[in-house]
Amino acid sequence: MPQTLHLEQTFITLGGRIHCLQCQAKSKRTKQQCRAPASKGKTKCRFHGGASTGPKTPEGRQRCAEAKTFHGLETRKARTDRSLASARLAVLETVGFGLGLMEGNRTRGRRPDRIAEAYPELQTIFQKLVIERAKHGV
């Protein structure tokens, strides 16, 4: 007799008074199926997304996109501001080392992505200065 997989296992809980499906989520680590009961009318438990439906209307999705935060304490505006501040510091550091005003080690890590947006006029002046120095051999 061929063996078939029966994915929808029924839980009987609360002394046989509640019949529900077992959560269909599987653990990445143990590869075993979650043993929690699925939310009503869903295939996943509350821990694996059964309680979440997400916004359905275009207005709701737009509102969610505008209000979306990375964590409860940090907004997109805060991340953008911090990114620009980091880029400004990187530009000032580059100019300071290029003009010989600073010595020692540079700041560790990769250069910020938004460096082109930080002090563009200072960057053009510095590039012209570097070209002039290269022409005169200084």
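Since the structure is predicted, the reported quantities are computational estimates derived from the model, not experimental observations.

## Brief notes about the overall build of the protein
Turning to step 1, where the next piece is worked out: When helices and strands are counted, the protein shows 3 helices and 4 strands.
Turning to step 2, where the next piece is worked out: Here the contacts in the protein between residues at least 6 apart in sequence split such that 29% fall between residues at least 24 apart.

## Topic: the pattern of salt bridges
Turning to step 1, where the next piece is worked out: For the structure on display, the rule yields 4 salt bridges.
Turning to step 2, where the next piece is worked out: Between Glu117 and Arg114 there is a salt bridge; the shortest N-O distance is 3.1 Å.

## With respect to the packing of helix α2 (residues 76-99) against helix α3 (residues 120-136)
Turning to step 1, where the next piece is worked out: Following both chains from N to C, one finds α2 and α3 inclined at 20°, their axes separated by 11 Å at the closest point. The angle between the axes of α2 and α3 places the two elements in the roughly parallel class. With respect to the hand of their crossing, α2 and α3 are arranged in left-handed fashion. Between α2 and α3, the residues in contact are Val91, Leu92, Thr94, Val95, Gly98 and Leu99 and Leu122, Gln123, Phe126, Leu129 and Arg133, respectively.
Turning to step 2, where the next piece is worked out: Counted by class, the contact of α2 with α3 contains 7 nonpolar, 3 polar and 1 charged residues.

## Focus on the side chain of Gln22
Turning to step 1, where the next piece is worked out: With respect to the helices, strands and loops of the structure, Gln22 is situated in the loop between β2 (18-21) and α1 (58-67).
Turning to step 2, where the next piece is worked out: A polar atom in the side chain of Gln22 sits 2.8 Å from the backbone oxygen of Cys34.
Turning to step 3, where the next piece is worked out: When sequence neighbours within four positions are dropped, the list of residues in contact with Gln22 reads Gln9, Phe11, Gln33, Cys34, Arg35, Ala36, Ala38 and Thr43.

## Regarding the confidence of the model for the protein
Turning to step 1, where the next piece is worked out: Scored by pLDDT, the protein comes out at a mean of 81, with 90% of its residues at no less than 70.
Turning to step 2, where the next piece is worked out: Here strand β3 (residues 69-71) is the element of the protein with the lowest mean pLDDT, 61, and α2 is the one with the highest, 87.
Turning to step 3, where the next piece is worked out: Low pLDDT, under 50, characterises residues 1-6; the predicted model gives this stretch 0 contacts beyond four residues in sequence or across chains.

Reading the values: the criteria
- Residues numbered from 1 in each chain as written.
- Predicted model: local features only at pLDDT ≥ 70, side-chain atom pairs only at ≥ 80, totals over all residues.
- Heavy atoms only, no water.
- Helix = DSSP H or I, 4+ residues; strand = E, 2+ residues; numbered from the N terminus.
- Contact = heavy atoms within 4.5 Å.
- Salt bridge = Lys/Arg side-chain N within 4 Å of Asp/Glu carboxyl O.
- Axes fitted to C-alpha atoms, helices over the stretch in contact; angles between N-to-C directions.
- Parallel < 35°, antiparallel > 145°, perpendicular 65-115°, else oblique.
- Left-handed = near helix turned anticlockwise from the far one by under 90°.
- Nonpolar A, V, L, I, M, F, W, Y, C, P; charged D, E, K, R; others polar.
- Polar contact = N/O pair within 3.5 Å; in protein donor to acceptor, adjacent residues only side chain to side chain.
- pLDDT = per-residue confidence, 0-100.

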